[in-house]
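Results of the structural survey
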Amino acid sequence: MSLGALFNSYLYHGNSLKKRFFEGWYFKFVDKRKEKSFAVIPGVSTGSSKNESHSFIQFLSGNRNESGNFTYPFKDFHSDTKRFAVEIVDNYFSTERVSLNMKNEKVKIAGEIKIIHPYLWPVRFYSPGIMGPFSFAPFMECYHGVVSMDHSLEGEVEVSGEVINLYGGKGYIEKDWGRSFPEAWVWMQSNNFDHARTSFMLSIATIPWLGRSFTGCLCAFLCKGELYRFTTYKGARINRVDTSGDRISVDLKQREFTIHVDARKTSGAQLISPVQGTMSGKIDESLTSEIHLKVYEGNTLLFEGTGTNSGLEAVGKLKLKD
């Protein structure tokens, strides 16, 4: 890992010698009519041996409920050490544009997408990403970063003959790196609210810590150009999390702010996930879920709205302290 990556969560944190390691960037796209959505995940995986190391690009279609994985040799992965820019063969990913050109026996995906006015996560030397000071802990199982909370799109992508027009659409970028995903978590995201420049992301997970574990949260809310952060290290308290059935309800409290989430999970498709660096796990993700959100500042309702075309995952059983 370069020194620059230590102080900037956007950048690549691995190297060719690191074993049992994964890193992936999650790009989500929704068209202007909110009828078609898809996600693309470029990344790398290094297992316990050199033969297990490879790069990959996953694809998830929201309206089709389909997914796919394209694998490449590890040597085909290239990243810039000073700014976020990743290349895998003829595919390119950055905060300015995305170029796709991949195919297998089942699907062909090709297109050029321009990213307009990204709301980049603020990077500080003492807080290189949404994890704040936890970003510097050397023994975390999984690290999380947000790259762009919200941006507009231009361009087109063709998926097996179907052209997806992204002009005027919305996009979002985040990432993960480490060894494995947590044993249990809830993750959701949407920036398709009726209110312009509004984006919401929430992750609650079981975090291993010094031989024990705790349930922590990372939550970000962009509203009217202001970014609100609700995290365990800033004192956020999870008062309720219910993942029963297709409804997911969450209540958070941080100082004078209260957040109520009522999400509806729709059917999705399977993605592969990391287990000790190897992409051997499986998770189900929806891109067509809904998130009803209420944010209070004291007794004042700061925001209420419903985000559509939402990404949503719920894995395992989360436990809260009594």
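Residues numbered from 1 in each chain as written. Predicted model: local features only at pLDDT ≥ 70, side-chain atom pairs only at ≥ 80, totals over all residues. Heavy atoms only, no water.

**Comments concerning the overall build of the protein**
Our working definition: Helix and strand assignments come from DSSP, with helices taken as H or I runs of at least 4 residues and strands as E runs of at least 2, each series counted from the N terminus. We take the radius of gyration over the C-alpha atoms and set the globule estimate at 2.2 Å times the residue count to the 0.38 power. Throughout, exposure labels follow a simple rule: accessible area from a 1.4 Å probe, protein chains only, divided by the maximum for the residue type, with under 20% read as buried, over 50% as exposed, and the rest as partly exposed. By definition in these notes, contact holds between two residues if any of their heavy atoms fall within 4.5 Å. Residue exposure ignores everything except the shown protein chains as possible cover, and the areas themselves are Shrake-Rupley values with a 1.4 Å probe. Charge convention: Lys and Arg are scored as positive, Asp and Glu as negative, and His as well as the terminal groups of each chain are ignored. Just so you know, the charge point we use is NZ for Lys, CZ for Arg, CG for Asp and CD for Glu.
Looking only at helices and strands, the protein features one helix and 22 strands. Rg of the C-alpha trace for the protein: 19 Å, near the compact-globule value of 20 Å for 322 residues, within the 12% margin. Overall size of the protein, expressed as C-alpha extent along the three principal axes, is 55 × 45 × 35 Å. Counting every position in the protein, which comprises 322 residues, the buried fraction comes to 54%. Once local pairs closer than 6 in sequence are excluded, the contacts in the protein between residues at least 24 apart make up 55%. Accessible area for the protein stands at about 14,500 Å²; split by element, carbon and sulfur atoms hold 49% of it. Across the protein, the 39 positively charged side chains and the 35 negatively charged ones have centroids separated by 4 Å.

**Thoughts on the side chain of S127**
When you line up the elements, S127 lands in the loop between β9 (108-116) and β10 (142-159). Its relative accessible area of 14% is what places S127 among the buried residues. Those residues within four positions of S127 in sequence are excluded, and the remaining contacts are P122 and G132.

**Observations regarding the pattern of salt bridges**
Condition: Between Lys or Arg on one side and Asp or Glu on the other, a salt bridge is scored when a side-chain nitrogen of the former is within 4 Å of a carboxyl oxygen of the latter.
Applying the stated criterion across every chain, the model contains 13 salt bridges. Taking the shortest distance from any N to any O, the salt bridge between R240 and D251 comes out at 3.2 Å. One end of the pair, R240, is in strand β17 (residues 237-242); the other, D251, is in strand β18 (residues 247-254), and eleven residues separate them in sequence. Within the structure, one salt-bridge network assembled from shared partners comprises K36, R64, E66 and E162.

**Description of the packing of aromatic side chains**
Each aromatic ring pair is specified by the distance between its two centres and by the angle formed by the two planes. Defined as follows: Here a Phe, Tyr or Trp ring, Trp counted by its six-membered ring, pairs with any other such ring whose centre lies within 6.5 Å, and the pair is stacked when the planes are under 30 degrees apart, edge-to-face when over 60, and tilted otherwise. Charge-over-ring contacts are defined here by two conditions on Lys NZ or Arg CZ: a distance within 6 Å of the ring centre and an angle within 35 degrees of the ring normal.
Counted under the stated rule, the structure contains 24 aromatic pairs. Centroid distance F181 to W185: 5.4 Å. Interplanar angle 75°. Geometry classified as edge-to-face. One aromatic cluster in this structure is built from Y12, W25, F27, F29, F38, F59, F77, F84 and F93. Positioned above the aromatic ring of F21 is the side chain of K18, whose terminal nitrogen or guanidinium carbon lies 4.7 Å from the ring centre. Across from the ring centre of W177, 4.5 Å away, lies the NZ or CZ of K175, which sits over that ring.

**A word on the pairing of β9**
Test applied: In short, DSSP must find at least two bridges between two strands for them to pair.
Two elements, strand β8 (residues 97-103) and β9, share seven bridges in a ladder whose sense is antiparallel. Following the sheet pairing, N101 is matched in β9 by A110. Between β8 and the antiparallel strand that follows it, β9, lie four residues. Alignment of β9 against β10, held across eight bridges, turns out to be antiparallel. Opposite I109, over in β10, you have V159 as the bridge partner.

**Comments concerning the nonpolar core**
In a soluble, globular protein the nonpolar side chains are often hidden away together inside. Convention followed: Side-chain atoms within 4.5 Å are what join buried Ala, Val, Leu, Ile, Met, Phe, Trp, Tyr and Cys residues into a set we call a nonpolar core.
With 66 residues, the main nonpolar core has F27, F29, F38, V40, L100 and I109 as its most contacted residues. Ranked by residues supplied to this core, first place goes to β10 with eight residues. Residues within four places of F29 in sequence aside, it is in contact with K36, S37, F38, V40, V98, I113, L153, L166 and K170.

**Considerations on a positive patch on the surface**
What counts is decided by this rule: Each patch is built from salt-bridge-free residues with over 30% relative accessible area, joining like charges within 9 Å and nonpolar side chains (Val, Leu, Ile, Met, Phe, Trp, Tyr) within 5 Å.
Taken together, R124, R229, K234 and R255 make up a surface patch of like positive charges. Positionally, R124 belongs in the loop between β9 and β10.

**Considerations on the environment of A184**
Along the chain, A184 turns up in the loop between β12 (170-178) and β13 (185-190). Along the chain, A184 and I207 lie 23 residues apart, while their C-alpha atoms are 8.8 Å from each other. The residues touching A184, leaving out its near neighbours within four places in the chain, are I204, A205, T206, V315, G316, K317 and L318.

**Overview of the pairing of strand β4 (residues 66-73)**
Side chains on a regular strand alternate between the two faces of the sheet. When strand β3 (residues 54-61) meets β4, the two strands line up antiparallel, connected through eight bridges. Bridge pairing in β4 places F56 opposite T71. Between β3 and the antiparallel strand that follows it, β4, lie four residues; N65 among them carries a positive phi value of about 55°.

**Remarks on a nonpolar patch on the surface**
A grouping of F7, F125, Y126 and F136 is seen on the molecular surface, where their side chains present a nonpolar patch of about 440 Å² in accessible area. Within the element layout of this structure, F7 appears in the loop between α1 (3-6) and β1 (21-30).

Keep in mind these values describe shape, not function.
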